[in-house]
Amino acid sequence: MAPSTSKLLVFIAGLAGTRHADAASVQLFQSAGTNGDRLARKADLPLVADFEFSGPTIEISQDSTDQAIQGFGGAFTEASALVFKSLPADKQHKVLDLYFGPYGIGYTLGRVHMNSCDFSPKSYSFDDVDGDFSLAHFDNGVSHDTEAMIPLILAAQDKVREANGAELKLIAAPWSPPAWMKTNGQMDGSDKPGLKDSCQAVWASYFSKWLSAYKARGISIWAITPQNEPENPAGWEACVYDAEQELQFLGEHLGPTLRADHPDVKIFIFDHNKDHVYDWAKALYADPRAQEYAAGVAFHWYSGDSFDHVASMHTDFPQAQLLATEATFERYRWRPGSTLVTGDWAFGEGYAHDIIGDLNAGATGWIDWNLFLNQDGGPNHVHNLCDAAILANTTSGEVFVHPQYYAMGHFSKYLVPGSKRLQTSRSNTPTYTGAMRPYGTCTADDGLEATSFLRPDGQIAVVLLNCADGDVAFKLKEGSAALHGTIPGHGIQTYLFRSCSSEAFV
């Protein structure tokens, strides 16, 4: 049996044994780059009366709660769907179970691209007839997506319902309108602005028809954003807006159209990097027309941490639901020694670091990029190759589970939808205060990182991250109780224990 398969079986057995914690004991699930643990169930730890301790201390308070979790998930790109389609039936069942099944990691969110994106083999839209302002030629059957994307989404929906009776929440975004609606006359790339003024109304109608078409195929979209990465004139599908332009499109066209045709579909603005997220939120809540239609703000991780920008947005605009909608590591970031089989452990740490920072700043969820990629990090029509939590060799049918999967599981499996963030304070441990680093960077300078949530079932879930080389002994304190724990170097831990009170859900 291959080592990765053996670890996966141990992990699944551990999840199957998850139970409610006893009043005086704490369940521990651990992954570490130093010892081979992968979401491994460890021995329970005792909760005891608080004690003196001079080392790193994580203290949890239920005096107040903050945002509730929507969920965690990944993107149903065409690349992911084609990789999934290429697998033998038994491997298809396996990877669906890993993400969405009752003993998987509990994904309940997903992201879908409207029209093609860079992780499509080629550019496509559902109405390429130049000047079709009535959309008479719109493909109401969305036939291109029925080849791979829609079957994958439907299978995932079934798994989520089987696992917990819930519905998979999908957020959709376009990378580009059809070429004839754009100022540069093609889907790839973008002038400024990207969308023709004369096409704003028809582009809004296109959204509505696409939502109806997907609904007719059995897929209800929970939310949309007006544009993926509106500040990026990328070499692949793109459409540039500044904040004023996107908000004008939202307030005058997209918002009213969807309010009339799809009133249950939420709209999140921006969907780009955290370095400018506060500026866009400020513009939104200064615009009375646009804010009427916006549920919140979506953002990506590629500019680096910028957790302070997210936190300021949450403080100044508490009415905004905040959602991290894209993160991935490009393949060039693999360190020497990383392989298709093992991946790079630092990528898992980078995910955990960003998730903790975003959640502590006010995010309600976190969505990975491609659910599946092939052995080359594609397919991708502009060679913008990336890593993913699950990769597959599409020739041999082998499946490789990478560290990002286990990192995601420490959150998605245990911070269930409806969990509310608790106050979490750290002492006697470093906090990084240096210059902006590349996305997904985590070192010993970050200290012992932590986030905690009160679940609807009254249990507290705490996730810890140690990006240092050595083990860290610490105290975890809640109320008058505490435990003495140790987290290995390059380790991620989730603690689950029964709260003394659950008034926050009254």
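Residues numbered from 1 in each chain as written. Predicted model: local features only at pLDDT ≥ 70, side-chain atom pairs only at ≥ 80, totals over all residues. Heavy atoms only, no water.

## Some thoughts on the overall build of the protein chain
Inclusion rule: Helix and strand definitions follow DSSP, with helices as H or I runs of at least four residues and strands as E runs of at least two, each counted in order from the N terminus. Note on method: radius of gyration uses C-alpha positions; expected globular size equals 2.2 Å times residues raised to 0.38. Throughout this description, buried means an accessible area under 20% of the type-specific maximum (1.4 Å probe, protein chains only), exposed means over 50%, and partly exposed covers the range between. Contacts are residue-level and defined by heavy atoms, with any inter-residue pair within 4.5 Å sufficient. Working definition of accessibility: Shrake-Rupley area with a 1.4 Å probe, residue cover restricted to the visible protein chains.
Helices and strands together make up the secondary structure of the protein chain, namely twelve helices and 21 strands. The C-alpha atoms of the protein chain give 22 Å as radius of gyration, which agrees with the globular expectation for 506 residues (23 Å, within 12%). When the backbone C-alpha atoms are referred to their principal axes, the protein chain occupies close to 70 × 55 × 45 Å. Within the protein chain, buried positions represent 59% of all 506 residues. Partitioning the intrachain contacts of the protein chain with sequence separation of at least 6 by distance along the chain shows that 75% fall at a separation of at least 24. Carbon and sulfur atoms make up 51% of the accessible area of the protein chain, which totals about 17,900 Å².

## Quick word on the environment of Ser120
Test applied: In the analysis that follows, any N or O atom pair within 3.5 Å is treated as a polar contact, provided that within protein one partner can donate a hydrogen and the other can accept it, and provided that, for residues neighboring in sequence, both atoms belong to side chains.
Along the chain, the position of Ser120 falls in the loop between strand S6 (109-114) and helix H4 (143-146). Once the C-alpha coordinates of Ser120 and Ala81 are considered, the two residues, 39 residues apart in sequence, prove to be 9.7 Å apart. There is a polar contact of 3.1 Å between the side chain of Ser120 and the side chain of Glu78.

## Regarding the sheet that holds S6
What counts here: Two strands qualify as a pair provided that DSSP identifies no fewer than 2 bridges between them. To obtain each axis, a line is fitted to C-alpha atoms, and for helices this fit is confined to the stretch in contact; angles are then taken between N-to-C directions over 0 to 180 degrees.
Around the barrel, which closes on itself, the eight strands sit in the order S5-S6-S7-S8-S9-S10-S11-S12 with parallel pairing between neighbours. Where S6 lies against strand S7 (residues 169-174), six bridges are found, and the strand directions are parallel. By the bridge assignment, Leu109 is partnered in S7 with Lys169. Each of strand S9 (266-273) and strand S10 (296-300) touches helix H8 (residues 277-284); the most contacted strand, S9, lies at about 145° to it. Helix H12 (residues 403-412) rests against strand S5 (71-75) and strand S12 (363-370) of the sheet, and its axis sits at about 150° to S5.

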